[in-house]
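# Architecture at a glance
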Amino acid sequence: MEGHSGLMGRMRDDEYESRSGSDNFDGVSGDDQDAADDQPKRKRYHRHTPNQIQDLESFFKECPHPDEKQRLDLSKRLGLENKQVKFWFQNRRTQMKTQLERHENIMLRQENEKLRAENSMIKDAMSNPVCNSCGGPALPGQISFEEHQIRIENARLKDELSRIVALTNKFLGKPISSLSSPMSLPTSNSGLELGIGMNRIGCSSNVGTPLPMGLDLGDGVLSTPHAMPGVRSPMGLLGNDAQLERSMFIDLALAAMAELIKMAQLDSPLWIRSLDGEKEVLNHEEYGRLFSPKPAGYATEATKETGIVIINSLALVETLMDANRWAEMFPSMIARAVPLDVITNGMGGTRNGALLLMHSEVQLLSPLVPVRQVQFLRFCKQHAEGVWAVVDVSVEIGRDAANAPFMTCRRLPSGCVVQDMPNGYSKVTWVEHWQYDESTVHQLYRPLLNSGIGFGAHRWIATLQRQCECLAILMSSSIASDDHTALSQAGKRSMLKLAQRMTSNFYSGVCASSARKWESLSVGTLGDEMRVMTRKNMDDPGEPPGIVLSAATSVWMPVSRQRLFDFLRNEGLRSDWDILSNGGPMQEMVHIAKGQGHGNCVSLLRAGSVNANDSSMLILQETWTDSSCSVVVYAPVDVQSLNVVMSGGDSEYVALLPSGFAIVPDGQSSGYGVANSSNGSIPKGGSGDDVGGSLLTVGFQILVNNLPTAKLTMESVDTVKNLISCTIQKIKGSLRIA
């Protein structure tokens with residue numbers, strides 16, 4: 001009897017639970033009473049208030065299985081009984097399970113109908129065989145052969161589909177289904193809108209997203225090629241080769257994402273404090289134990305940085321997953337970005353699960369550091385509401401070393417974890433991990449790369465912060481300007497676009513990327529420190545027609561980066577080094593701010609000498625600085641062309657030949673030493689902005705002949721070489737550098 005009474009008690013509790021749940025989800029009236037006289041102890045129940053339901057739903061999203069303490073806290077806060085809270089969560093989980101089972105039943109019925117249709121087609125083909133050669137009825141002996149081939153193909157396709165389903169479920173973070181046969185979703189999403197834990201399941205209907213259940217043929221997460229037009233065969237491969245390549249890409253992307261998350265974790269054992277206690281350095285022993293050891297003979301850059309950025313997670317993810325927008329966000333770092341293939345498009349109309357194959361050229365603004373060309377996968381995944389991760393990894397890592405020999409550099413799992421913050425900001429944790437052949441880098445820049453400043457996470461975060469701050473200013477209602485001219489908003493935007501093209505051309509002339517068709521010159525008198533290139537311009541309206549010569553070199557300066565930057569952008573001291581100043585100071589006519597600091601701006605300069613008023617030339621200049629690099633780029637522009645631009649006209653037809661400077665810390669005294677070199681040394685020092693030396697890159701582009709058919713002469717090469725040397729000497733003289 002004691003067991004019987006306990007069973008009856010549980011039945012009463014279950015009945016109470018059922019009513020509590022229906023009250024929340026089906027809208028049953030709370031005033032109904034039990035009509036049966038034999039159950040006098042059955043309780044009245046009341047409908048939960050909208051605020052109570054909202055709080056319960058919000059808590060359910062974070063924790064579908066609350067413990068006793070959490071239920072007590074909820075009951076006190078919401079004014080409910082502990083048993084009501086307990087039963088609400090039980091019913092919510094039961095309802096979700098029921099909906100999921102209903103959804104899977106629908107898919108199973110559709111799969112059954114599909115198999116019936118395929119079976120009918122096979123029977124028709126077997127009953128009416130056709131000869132492939134003559135088109136007439138096939139011989140009886142051919143029927144068994146065709147049947148055998150169909151069965152073999154059918155078995156192969158089922159095996160392939162089962163393997164892809166397993167990979168995709170793993171790819172989407174969903175446990176592999178225990179069903180004996182693989183399922184495929186219909187080509188359109190059902191109306192079921194749920195979300196669970198990290199994937200927003202359990203949200204109210206106006207916030208929920210379609211539940212990812214394995215394959216989603218409509219949104220292009222993964223499928224066989226014929227069923228999903230949004231997914232192309234990677235690298236142009238066909239058939240089994242494409243399937244194997246795609247499988248390799250997915251496995252590599254999953255492993256890279258897992259590694260990035262571990263590397264980005266706070267207080268991860270993969271990172272240890274540097275000797276000065278300022279930054280974290282990679283624990284190579286722990287990394288080799290968890291992942292793979294560093295190959296012998298190559299240097300390693302491993303850096304991690306966290307910063308707050310004026311951009312929300314969705315906007316940043318969209319920027320990173322678009323090659324053009326990515327290059328525009330990091331113009332001084334990305335020389336070229338080319339999308340090669342879309343392995344997966346993402347699901348539910350979002351970038352969650354998107355996998356791209358890309359090629360990029362990553363640059364440091366110096367001719368002494370080769371451009372890093374890398375072919376890589378970029379994988380995006382949402383880990384929680386407002387939390388995204390984007391990881392890059394070189395495709396060579398996933399291939400056999402015999403078939404893919406180690407190149408001059410490769411990118412190990414690198415990328416960022418983005419978490420939304422209030423007021424449209426994001427917290428970005430960036431991890432950058434490279435392996436490269438140090439012998440290809442000039443001795444002058446090896447300390448910079450070894451310190452992690454050159455290509456490290458600090459530079460990515462600093463550039464992202466500066467660019468987002470600039471975009472926030474430019475997208476405001478009016479563009480800030482300190483000029484005293486009646487310059488319209490359209491005119492200012494046209495000037496900014498012209499300045500953007502000017503700096504981009506300057507970067508390409510310094511780094512010799514493939515973004516522009518430069519031809520390097522080998523001249524014995526130049527030495528290893530100077531690069532000279534040429535190109536013939538015939539149809540580009542953005543450059544004067546003829547032969548354009550570009551020369552660039554880098555030197556060490558025993559002054560801080562901040563002091564050198566302030567000197568070069570000082571209009572009053574311009575005549576100390578610039579021959580375009582006509583021997584006098586420059587006057588700033590227009591100043592368009594691109595950041596909070598005065599050094600981030602686009603300016604229009606005019607020579608201030610007496611005879612300069614008769615000149616038809618002005619100087620367009622852009623300057624910017626962040627905690628990793630400072631740049632001054634300028635180009636002479638004729639007044640007539642500038643009048644068109646300042647009135648809001650098209651700036652594409654304004655011819656520019658930019659010159660300028662790029663300044664970075666020397667790596668010897670910077671506090672950004674967060675990487676390990678090949679010999680494991682760690683630089684020491686202070687902030688890097690007000691102490692120590694710096695590396696100055698000087699670049700000039702000149703028109704040596706206005707006829708594209710003309711030939712380049714050694715006099716032209718000597719002229720630009722002497723121009724650079726003279727400019728460097730004047731700068732040293734003005735700064736009293738021996």
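If you're wondering where the values come from, they're calculated on a predicted model, not measured in any experiment.

### Concerning the overall build of the chain
- For the chain, the count of helices and strands is 15 helices and 21 strands.
- Excluding contacts between residues fewer than 6 apart, the proportion of contacts in the chain whose partners are at least 24 apart in sequence is 66%.
- As displayed, the chain offers around 35000 Å² of accessible surface, 52% of which is attributable to carbon and sulfur atoms.

### Section: empty space enclosed by the protein
- This structure, assessed with the given rule, holds 5 cavities of 30 Å³ or more.
- What the second largest cavity holds in volume is close to 70 Å³.
- Lining the second largest cavity are Leu320, Trp326, Arg378, Val390, Asp392, Arg411, Ser414, Gly415, Cys416, Trp430 and Trp460.
- Among the secondary structure elements, those contributing two or more residues to the lining of the second largest cavity are β9 (387-394) and β11 (414-420).
- Here the lining of the second largest cavity takes 3 residues from β11, the largest share from any one element.

### Details of helix α11 (residues 457-474)
- For α11, built from 18 residues, the straight-helix expectation of 26 Å at 1.5 Å per residue is met to within 8% by its first-to-last C-alpha distance of 26 Å.
- Among the 18 residues in α11, 14 count as buried, and that is most of the element.

### Here we look at the packing of helix α2 (residues 50-62) against helix α3 (residues 68-78)
- α3 packs onto α2 with a crossing angle of 160° between their chain directions and a minimal axis gap of 11 Å. As judged from the angle between their axes, α2 and α3 are roughly antiparallel. Remark: the crossing between α2 and α3 carries right-handed chirality. For the pair formed by α2 and α3, the contact residues are Gln52, Asp55, Leu56 and Phe59 on the first element and Gln70, Leu74, Arg77 and Leu78 on the second.
- Here the contact of α2 with α3 is composed, by residue class, of 4 nonpolar, 2 polar and 2 charged.

### Observations concerning the sheet that holds strand β13 (residues 519-520)
- With antiparallel pairing, the 9 strands of this open sheet are ordered in space as β13-β14-β15-β21-β20-β19-β18-β17-β16. Only two strands of the sheet have a single partner each, and these edge strands are β13 and β16 (586-593).
- By the bridge criterion, 7 bridges tie β16 to strand β17 (residues 601-607) in an arrangement that is antiparallel. Bridge pairing in β17 links histidine 591 to serine 603.
- Running over the sheet, helix α12 (residues 489-511) touches β14 (530-537), β15 (546-557), β16, β17, β18 (617-625), β19 (630-638), β20 (659-665) and β21 (694-705) and is turned about 75° from β18.

### Looking at unusual backbone geometry
- Even without being glycine, aspartate 267 reaches a positive phi, approximately 60°.
- Looking at where aspartate 267 falls in the secondary structure, it is placed in the loop between α6 (239-264) and β3 (271-273).
- For aspartate 267, a relative accessible area of 65% corresponds to the exposed category.

### Quick notes on the pattern of salt bridges
- Inspection of the entire model under this criterion finds 16 salt bridges.
- With its nearest N and O atoms 2.5 Å apart, the salt bridge here joins glutamate 68 to arginine 71. Here the residue glutamate 68 and the residue arginine 71 both occupy positions in helix α3, the gap between them amounting to 3 residues, near one helical turn.
- A relative accessible area of 15% places arginine 71 in the buried class.
- Note that lysine 497 is salt-bridged to glutamate 652, the shortest N-O span being 4.0 Å. Taken as a pair, lysine 497 in helix α12 and glutamate 652 in the loop between α14 (639-646) and β20 lie far apart in primary sequence, 155 residues in all.

### Some points on the confidence of the model for the chain
- The predicted model of the chain averages 76 in pLDDT, with 72% of residues at 70 or higher.
- Low pLDDT, under 50, characterises residues 139-143; the predicted model gives this stretch 2 contacts beyond four residues in sequence or across chains.
- Ignoring residues within four places in sequence, the model shows residues 175-233, a span with pLDDT below 50, making 133 contacts including any to other chains.

### Focus on the packing of α12 against α14
- Two elements in contact, α12 and α14, have axes separated by 7 Å at closest approach and are oriented at 125°. It follows that α12 is oblique to α14 by the angle criterion. Of α14, the residues touching α12 (which contributes Gly491, Ser494, Met495 and Leu498) are Leu642, Val645 and Met646.
- Of the residues contributing to the contact of α12 with α14, the split by class is 5 nonpolar, 2 polar and no charged.

### As for the layout of surface pockets
- Computed from the structure, the largest pocket encloses a volume of approximately 1300 Å³.
- Lining of the largest pocket is provided by 42 residues; of these, Glu328, Pro331, Gln500, Arg501 and Ser504 occupy positions nearest its centre.
- It is α12 that contributes the most residues to the lining of the largest pocket, 10 residues altogether.

### Some points on the state of the cysteines
- By the definition in use, this model includes 0 disulfides.
- With no disulfide of its own, cysteine 470 lies closest to cysteine 468 among cysteine sulfurs, the gap being 9.6 Å.

### Quick notes on the pairing of β18
- Within β18, 8 of the 9 residues are buried, which leaves it mostly tucked inside the rest of the structure.
- Sheet topology places β17 next to β18; 5 bridges connect them, and they run antiparallel. Among the inter-strand pairings, valine 602 is bridged to a residue of β18, identified as glutamate 622.
- With 9 bridges connecting them, β18 and β19 associate as antiparallel partners. The residue of β19 that forms the bridge with glutamate 622 is valine 633.
- Count of turn residues in the β18/β19 antiparallel hairpin: 4 residues.

### Some remarks on the packing of aromatic side chains
- In total, this model carries 14 aromatic pairs according to the counting rule given.
- Ring plane angle 50° and centroid distance 6.4 Å describe the contact between tryptophan 434 and phenylalanine 455, whose orientation is recorded as tilted. Taken as a pair, tryptophan 434 in strand β12 (residues 426-436) and phenylalanine 455 in the loop between α10 (446-450) and α11 lie far apart in primary sequence, 21 residues in all.
- The class of tryptophan 434 is buried, set by a relative accessible area of 0%.
- Site record: aromatic cluster; members linked through ring pairs are Trp326, Phe330, Phe376, Trp430 and Trp460.
- Positioned over the ring face of tyrosine 436 is arginine 372, at 4.5 Å from the centre of the ring.

The rules behind these values
Residues numbered from 1 in each chain as written. Predicted model: local features only at pLDDT ≥ 70, side-chain atom pairs only at ≥ 80, totals over all residues. Heavy atoms only, no water. Helix = DSSP H or I, 4+ residues; strand = E, 2+ residues; numbered from the N terminus. Contact = heavy atoms within 4.5 Å. Areas by Shrake-Rupley, 256 points an atom, 1.4 Å probe, with all protein chains shown as cover. 1 Å grid on protein atoms, 1.4 Å probe; cavity = no way out; pocket = protein on both sides within 12 Å on 5 of 7 lines; lining within 4 Å. Points joined across faces, edges and corners; volume = space filled by probe spheres on them. Expected span 1.5 Å × (residues − 1). Buried < 20%, exposed > 50% of the residue type's maximum accessible area, 1.4 Å probe, protein only. Axes fitted to C-alpha atoms, helices over the stretch in contact; angles between N-to-C directions. Parallel < 35°, antiparallel > 145°, perpendicular 65-115°, else oblique. Left-handed = near helix turned anticlockwise from the far one by under 90°. Nonpolar A, V, L, I, M, F, W, Y, C, P; charged D, E, K, R; others polar. Pairing = 2+ DSSP bridges. Salt bridge = Lys/Arg side-chain N within 4 Å of Asp/Glu carboxyl O. pLDDT = per-residue confidence, 0-100. Disulfide = S-S within 2.5 Å. Phe/Tyr/Trp six-rings, centres within 6.5 Å; stacked < 30°, edge-to-face > 60°. Lys NZ or Arg CZ within 6 Å of the ring centre and 35° of its normal.

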